[in-house]
Amino acid sequence: MLTAAELEFLRSQRLARLATVGPTGWPHVVPVMYAVNDDGSLDFDVDGVKLRNLLASPRAALVVDAMGPKRGLAMQGQVELIAPERARLRPARKYAWGL
């Protein structure tokens, strides 16, 4: 799903902003460190509010961006727990700019 340029960009960065949906319906956004897999999925740690939200609703959005020059990638998809406090986002939708 991701292009070679998008994968290269993701591998050049390490910090993303993860948005989950809380029980009240409000979004919860936090920075996370991530690792990129060959299939374009991203792995990251989850605990506390992130974990609670993902257990209730496994949908999430994630943004990775760089400001000089302006470029980035936004993704939405399903998140699965792959270890006790480790999760994987498989992008279903994406939007890239400046790549």
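Refer to the structure printed above.
It should be emphasised that the depicted structure is a prediction, and the values quoted were computed from it without experimental measurement.

What counts, and at which threshold
- Residues numbered from 1 in each chain as written.
- Predicted model: local features only at pLDDT ≥ 70, side-chain atom pairs only at ≥ 80, totals over all residues.
- Heavy atoms only, no water.
- Salt bridge = Lys/Arg side-chain N within 4 Å of Asp/Glu carboxyl O.
- Helix = DSSP H or I, 4+ residues; strand = E, 2+ residues; numbered from the N terminus.
- Buried < 20%, exposed > 50% of the residue type's maximum accessible area, 1.4 Å probe, protein only.

**With respect to the pattern of salt bridges**
Tallied over the entire structure, the rule returns eight salt bridges. The salt bridge involving R17 is made with D65; its shortest N-O contact spans 2.9 Å. Residue R17 is found in strand 1 (residues 15-21), and its partner D65 is found in strand 4 (residues 59-67); the two are separated by 48 residues along the sequence. Across the pair D39 and R90 runs a salt bridge, and its minimum N-O distance is 3.1 Å. Of this pair, D39 sits in the loop between strand 2 (27-36) and strand 3 (42-45) while R90 sits in strand 6 (residues 86-97), and the two are 51 residues apart along the sequence. According to the relative accessible area criterion, R90 is partly exposed, its value standing at 36%. Each of the salt bridges in this network shares a partner with another, and the network as a whole consists of D39, E80 and R90.

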